[in-house]
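# Geometric and topological summary
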Amino acid sequence: MLSLNVVGAGKLGRTLAALWHQNSVFEIAGLFSRSTANAHAARDFIGAGIAVSDMNKLPAAQVWLLAVPDDQIATMAAALAPMIARQQSSAGQPPMLFHCSGALPASVLAASETGLLASAHPVHSFADPKRSLTDLPGSTVALEGSDEVIDVLEPAFTALRCNCIQLSPAQKVLYHTGSVMACNYLTVLMDLSLQVFQAAGIDNHSAMTLLEPIVVQTVKNNFALGPTKALTGPLVRGDVATVARQTKALRALAESSESGTAATPDVDAATLAAMYQALGKAALPLAEKAGLSQDARRQLQSIFDET
Ligand SMILES: NC(=O)c1ccc[n+]([C@@H]2O[C@H](COP(=O)([O-])OP(=O)(O)OC[C@H]3O[C@@H](n4cnc5c(N)ncnc54)[C@H](OP(=O)(O)O)[C@@H]3O)[C@@H](O)[C@H]2O)c1
């Protein structure tokens with residue numbers, strides 16, 4: 001079994017290490033994080049490995065995972081270079097190094113000065129590591145980098161019942177942007193929707209209760225039917241007057257918020273109005289494909305174009 005060091009003991013790092021330990025894929029060697037307490041907490045979560053307070057005290061390992069925030073990856077790779085060089089000279093071969101960013105290519109690790117680099121992006125939200133221990137199987141992992149590292153990582157993720165695909169470095173940014181738009185922005189849309197309910201005087205709990213079945217059904221419809229057939233509501237029906245009333249209501253909310261007379265000051269009404277218009281505009285080509293008449297489309301476009 002190959003040994004694994006984990007640098008960055010956050011949500012993703014501890015989850016993957018725990019799963020690889022449980023499935024006897026890697027022997028968990030060292031764990032290092034910015035905060036030593038977090039490295040120890042990760043050790044307890046994983047049930048294996050040695051938490052160290054100084055990166056230079058990490059043991060040698062054949063594979064290294066850099067699970068730090070994206071903006072820290074290149075700096076940490078450079079900081080690891082002397083240790084990697086030491087390990088290479090004593091073991092006779094360089095260790096493998098990978099990160100899990102969706103947006104960055106393997107080459108961001110170049111300053112580590114080992115040629116064995118990869119990126120492995122699980123298309124999964126590690127918001128709650130305990131949940132991810134059971135929910136990760138079935139997720140896709142996008143691999144990119146040197147063949148030798150991919151030959152190790154592909155079976156490692158397959159052992160966790162993930163599906164692996166391979167990407168080129170040039171594909172990574174837009175590939176990741178696509179998954180951010182569908183996954184992260186869905187969460188942002190939920191928050192915006194809850195703010196609108198709040199402005200209508202409907203509390204969070206009631207709004208969540210009424211939204212859950214329809215949001216889940218909409219997500220399922222999107223996967224079963226595709227976005228064009230899944231789109232329902234006033235836009236695709238061409239209910240121009242309804243859309244005009246909703247736009248007006250959000251603008252009135254934004255104006256009362258600007259003048260300090262809003263009943264719900266914690267609602268960001270200006271953003272709500274702007275997002276309703278921007279997403280409405282983006283929906284028009286889809287609605288037209290789904291049967292919206294050209295005349296209704298023009299009227300809706302002029303509502304959304306009004307400032
Ligand atoms: N979360 C997701 O859903 C997800 C999904 C796919 C890919 N990813 C990728 O996974 C990577 C890690 O993300 P994450 O969500 O696990 O982030 P996270 O929970 O914020 O964990 C990052 C960890 O890195 C540690 N860290 C930060 N700067 C450091 C430094 N200079 N030296 C050592 N440790 C440092 C932090 O340490 P302390 O807490 O100890 O201060 C933290 O525990 C990122 O590249 C991200 O793009 C995340």
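This text follows the structure it describes.
Reading guide: rules and limits
- As a convention, each chain's residues are numbered from 1 in the sequence order in which they are written.
- Since the coordinates come from a predicted model, pLDDT governs what is reported: local features require at least 70, and pairs of side-chain atoms require 80 or more to be given and counted, while whole-chain, interface and lining totals use all residues.
- Only heavy atoms go into the side-chain values, all of them from the structure, while hydrogens and water stay out.
- In these notes, residues near a molecule or strand are those with any non-hydrogen atom within 4 Å of it.
- Each polar contact in these results corresponds to two N or O atoms within 3.5 Å; when the atoms are within protein, one needs to be able to donate a hydrogen and the other to accept it, and residues that are neighboring in sequence are counted only if both atoms are side-chain atoms.
- The way it works is that DSSP assigns letters per residue, a run of H or I at least four long becomes a helix, a run of E at least two long becomes a strand, and they are numbered from the N terminus.
- Three classes are used: nonpolar for Ala, Val, Leu, Ile, Met, Phe, Trp, Tyr, Cys and Pro, charged for Asp, Glu, Lys and Arg, and polar for all others, with Gly counted as polar.
- In the sections that follow, a salt bridge refers to a side-chain nitrogen of Lys or Arg positioned within 4 Å of a carboxyl oxygen of Asp or Glu.
- Only protein chains enter the accessibility calculation, which uses a 1.4 Å probe. A residue is then buried if its area is under 20% of the maximum for its type, exposed if over 50%, and partly exposed in between.
- In these notes, a set of buried Ala, Val, Leu, Ile, Met, Phe, Trp, Tyr and Cys residues joined through side-chain atoms within 4.5 Å is what counts as a nonpolar core.
- Note on definitions: a residue-residue contact is assigned when non-hydrogen atoms from the two residues lie within 4.5 Å.

Neighbouring the ligand are 24 residues; L12, S33, N38, D70 and F126 lie closest to it. G10 has a polar backbone atom sitting 3.2 Å from an oxygen atom of the ligand. Here an oxygen atom of the ligand sits 2.9 Å away from a polar atom, N or O, in the main chain of S35. If you list the elements that add at least two residues to the shell around the ligand, you get α1 (11–22), α3 (70–91) and β6 (117–122). With four residues, the single largest contributor to the shell around the ligand is α3. Of the residues belonging to the shell around the ligand, the class tally is 11 nonpolar, 10 polar and three charged.

Moving on, we come to the pattern of salt bridges. Under the defined criterion, the tally for this structure stands at five salt bridges. Between E306 and R251 there is a salt bridge, with the nearest N and O atoms lying 3.3 Å from each other. In this pair, E306 sits in the segment after α12 (294–305) while R251 sits in helix α10 (residues 240–258), placing the two residues 55 residues apart along the sequence. With its nearest N and O atoms 3.0 Å apart, the salt bridge here joins K281 to D305. Of this pair, K281 sits in helix α11 (residues 269–289) while D305 sits in helix α12, placing them 24 residues apart in sequence. Accessibility expressed as a relative area gives 35% for K281, which makes it partly exposed.

The phi angle of most residues is negative, glycine excepted, and most peptide bonds adopt the trans form. For E113, which is not glycine, the phi dihedral falls at a positive 60°. With respect to the element layout, E113 can be found in the loop between β5 (96–99) and β6. The phi dihedral of R161 falls on the positive side, at around 60°, and the residue is not glycine. Among the structural elements, R161 can be located in the loop between α5 (147–158) and β8 (163–166).

Membership of the largest hydrophobic core comes to 37 residues, with the highest contact counts inside it found for L4, L16, W20, F26, L65, F98 and F157. Excluding residues that lie within four positions of it along the chain, F157 makes contacts with L16, W20, A120, P122, V141, L143, C162 and C164. Ranked by size, the runner-up nonpolar core spans 20 residues in total, among them F32, W64, L66 and L97.

Within the secondary structure, S119 sits in strand β6. A polar contact is formed between the side chain of S119 and the side chain of E144, at a distance of 2.5 Å. Looking at S119, its side chain comes within polar contact range of the side chain of K172, at 2.9 Å. With sequence-adjacent residues up to four places away left out, S119 is seen in contact with H99, S101, L104, P105, A106, A142, L143, E144 and K172.

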